[in-house]
Amino acid sequence: MTNRASHLRLLAVFLCVSIAGNSPAFAAPRPRAARASIRRSSSSRYGVPTFTDSEKGDVASYDNPIVRQAAVDALGRYNGSVVAIDPTSGRILTVVNQNLAFSAGFIPCSTIKPVIAVAALQEGVVTRDTMIRVAARKYLNLTEALAHSNNAFFEELGRRMGFDTVSRYGRLLGLGELAGYQIPEEHPGGFPSEPPVFGGVARMSSFGQGIQMTPLQLGALVSSFANGGTLYYLQYPRTAEEQANFTPRIKRQLNIESLLPEVRDGMLAAVLYGTARSSYISDDAQALGKTGTCSDAASRLGWFVSYADQSHPKIVLVVLVRGHSSIIKGAMAAGVAGRIYRRLNDENYFATARNESSKSVMAAGTRQ
């Protein structure tokens, strides 16, 4: 009897060991490194990361140190780029994340809308007071459509003008060509030779479908809005000699000054109560801007292009953020710009600009 009980105990132990060895519930835990590796590989399906070191690899010895530090701090850990430009000369003040800024370009999303607005105003398709139906019981004018980035409004403008007219103005404002002067890393972006298959000229006019735009192109374009119609070649002096001998270079003069008040009103409204509220600076130094949100094959995109201040334009900012998170959008990019602007305002950057402008005017009057 004792021998039988011993045999039964041995059999029970054997069965328990066998079951534990084959059951997931009793399996030995995977090493910590293996589990981390699995998590990393599973996240790769989301494409471009939302967070990274955006300064890595930059050579910024000759950037404006105040502007650059404000841009770096405002961008933080987000995967993005900031390009700052002096709109009165085309001089690049800083480029944060040079690899991204000098890439082949991205779909511009709704930052294409100011281009369409200029074209439609010049062609007489729309005026400040024109009301366009955007929903069953909703009509908007140009200011409100820009403020709230209404797609239906700009799709209708695109349809009314047609592909050839939209293309002519896009190329006139610098799309599809190099924006810089002797910047070897720059790419020309891309502009379609025929309407995009998906959405045609309407989608092209609201989202920039089929267009590849670089931060430099967008910055040069909005600089011309800020200064009254001069499209400068962007220059990025990166040696002491280039800085000492810097001279603005005009690419072409655009006959758009009479159209700009309507576009500027919409960009100001975007900051005051529209999609770009987070870029607000102060009542004394106000920004104007346009957001853009969409996706490409690799990631979500958030754009914001703007300038400040309106009376004495001193700086244009182009912010581009990328990633797989839902927080990546134009409003978030506007927030980055807002942090830059408020930092510069706290450091009297805009007050200095206004004082320099007043001295120039007084000097000119003395010479006369």
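Residues numbered from 1 in each chain as written. Predicted model: local features only at pLDDT ≥ 70, side-chain atom pairs only at ≥ 80, totals over all residues. Heavy atoms only, no water.

Asker: Give a detailed account of the overall build of the protein chain, specifying residues and quantitative values.
Answerer: A tally of helices and strands in the protein chain yields 14 helices and 9 strands. Out of the 368 residues in the protein chain, the part that is buried amounts to 50%. Accessible area of the protein chain: about 17,800 Å², with a carbon and sulfur share of 52%. (Helix = DSSP H or I, 4+ residues; strand = E, 2+ residues; numbered from the N terminus. Buried < 20%, exposed > 50% of the residue type's maximum accessible area, 1.4 Å probe, protein only. Areas by Shrake-Rupley, 256 points an atom, 1.4 Å probe, with all protein chains shown as cover.)

Asker: Residue-level account of unusual backbone geometry, with values.
Answerer: Residues Ala-308 and Asp-309 are joined by a peptide bond in cis, for which omega reads -15°. Secondary-structure assignment places Asp-309 in the loop between strand 8 (300–308) and strand 9 (315–323). For Cys-109, which is not glycine, the phi torsion reads 55° and is therefore positive. With respect to the helices and strands, Cys-109 occurs in the loop between helix 4 (98–101) and helix 5 (113–122). The buried category is assigned to Cys-109, whose relative accessible area is 0%. A positive phi angle, near 65°, is found at Asn-348, a position not held by glycine. Within the secondary structure, Asn-348 is located in the loop between helix 13 (330–346) and helix 14 (349–367). Asn-348 gets classed as partly exposed once you look at its relative accessible area, which sits at 47%.

Asker: Pulling in residues and values, what's your account of the state of the cysteines?
Answerer: For the structure shown, the criterion picks out 1 disulfide. With a sulfur-sulfur separation of 1.9 Å, Cys-109 is cross-linked through a disulfide to Cys-294. Note on the Cys-109 and Cys-294 pair: the S-S dihedral is about -70°, so by sign convention the disulfide is left-handed. Remark: Cys-294 occurs in strand 7 (residues 287–295) and Cys-109 occurs in the loop between helix 4 and helix 5; sequence separation between them is 185 residues. For the pair Cys-109 and Cys-294, a shared accessibility class is recorded, and that class is buried. (Disulfide = S-S within 2.5 Å.)

Asker: Just give me the short version of the environment of Thr-111, but keep the residues and values in it.
Answerer: Along the chain, the position of Thr-111 falls in the loop between helix 4 and helix 5. Spatially, the C-alpha atom of Thr-111 lies 9.9 Å from that of Gly-302, the residues being 191 residues apart in sequence. Setting aside anything within four residues of it in sequence, one finds Thr-111 in contact with Leu-218, Lys-290, Thr-291, Gly-292, Trp-303 and Val-305. (Contact = heavy atoms within 4.5 Å.)

Asker: Got a sec to walk through empty space enclosed by the protein? Specific residues and values, please.
Answerer: Using the criterion set out here, one finds 2 cavities of 30 Å³ or more in the structure. Residues of the lining of the largest cavity, tallied by class, amount to 6 nonpolar, 2 polar and 1 charged. Of the voids in this model, the second largest cavity is the one considered here, and its volume is about 30 Å³. For the second largest cavity, the full set of lining residues is Ile-112, Val-115, Ile-116, Val-166, Gly-170, Leu-175, Phe-191, Met-204 and Ile-211. Only helix 5 and helix 8 (163–172) provide two or more residues apiece to the lining of the second largest cavity. Across the lining of the second largest cavity, the residue classes break down as 8 nonpolar, 1 polar and no charged. (1 Å grid on protein atoms, 1.4 Å probe; cavity = no way out; pocket = protein on both sides within 12 Å on 5 of 7 lines; lining within 4 Å. Points joined across faces, edges and corners; volume = space filled by probe spheres on them. Nonpolar A, V, L, I, M, F, W, Y, C, P; charged D, E, K, R; others polar.)

Asker: Residues and numbers for the packing of aromatic side chains, please.
Answerer: If you walk through the whole model with that rule in mind, you get 6 aromatic pairs. With a centroid separation of 6.0 Å and 65° between ring planes, the pair formed by Tyr-181 and Tyr-233 is classed as edge-to-face. Linking Tyr-181 in the loop between helix 8 and helix 9 (200–207) with Tyr-233 in the loop between strand 5 (230–232) and helix 11 (240–244), this pair joins segments that are 52 residues apart in sequence. What makes Tyr-181 partly exposed here is its relative accessible area of 28%. The structure contains a cluster of three or more aromatic residues connected by ring pairs, namely Tyr-341, Tyr-349 and Phe-350. Note that Lys-113 overlies the ring of Phe-207, its terminal NZ or CZ placed 5.8 Å from the centroid. (Phe/Tyr/Trp six-rings, centres within 6.5 Å; stacked < 30°, edge-to-face > 60°. Lys NZ or Arg CZ within 6 Å of the ring centre and 35° of its normal.)

Asker: Can you explain the pattern of salt bridges? Please cite residues and give values.
Answerer: Counted under the stated rule, the structure contains 14 salt bridges. Put simply, Lys-251 and Glu-177 hold a salt bridge, and the shortest N to O gap is 2.9 Å. One end of the pair, Lys-251, is in strand 6 (residues 250–253); the other, Glu-177, is in the loop between helix 8 and helix 9, and 74 residues separate them in sequence. Relative accessible area serves as the criterion here: at 24%, Glu-177 is assigned to the partly exposed category. (Salt bridge = Lys/Arg side-chain N within 4 Å of Asp/Glu carboxyl O.)

Asker: Explain the pairing of strand 9 residue by residue, including any values.
Answerer: The buried fraction of strand 9 amounts to 9 of the 9 residues, a majority that puts the element mostly inside the structure. Alternating residues of strand 9 divide into Ile-315, Leu-317, Val-319, Val-321 and Gly-323 and Val-316, Val-318, Leu-320 and Arg-322, and every residue in both groups is buried. The pairing of strand 1 (residues 80–86) with strand 9 spans 6 bridges and is antiparallel. Each bridged residue has a counterpart across the sheet, and for Val-83 the counterpart in strand 9 is Val-318. Bridge count for strand 8 against strand 9 is 9 bridges, and the pairing is antiparallel. Across the sheet, Ala-308 pairs through a bridge with Ile-315, a residue of strand 9. Between strand 8 and strand 9, which pair antiparallel in sequence order, lie 6 residues. (Pairing = 2+ DSSP bridges.)

These figures come from the coordinates and say nothing about function on their own.
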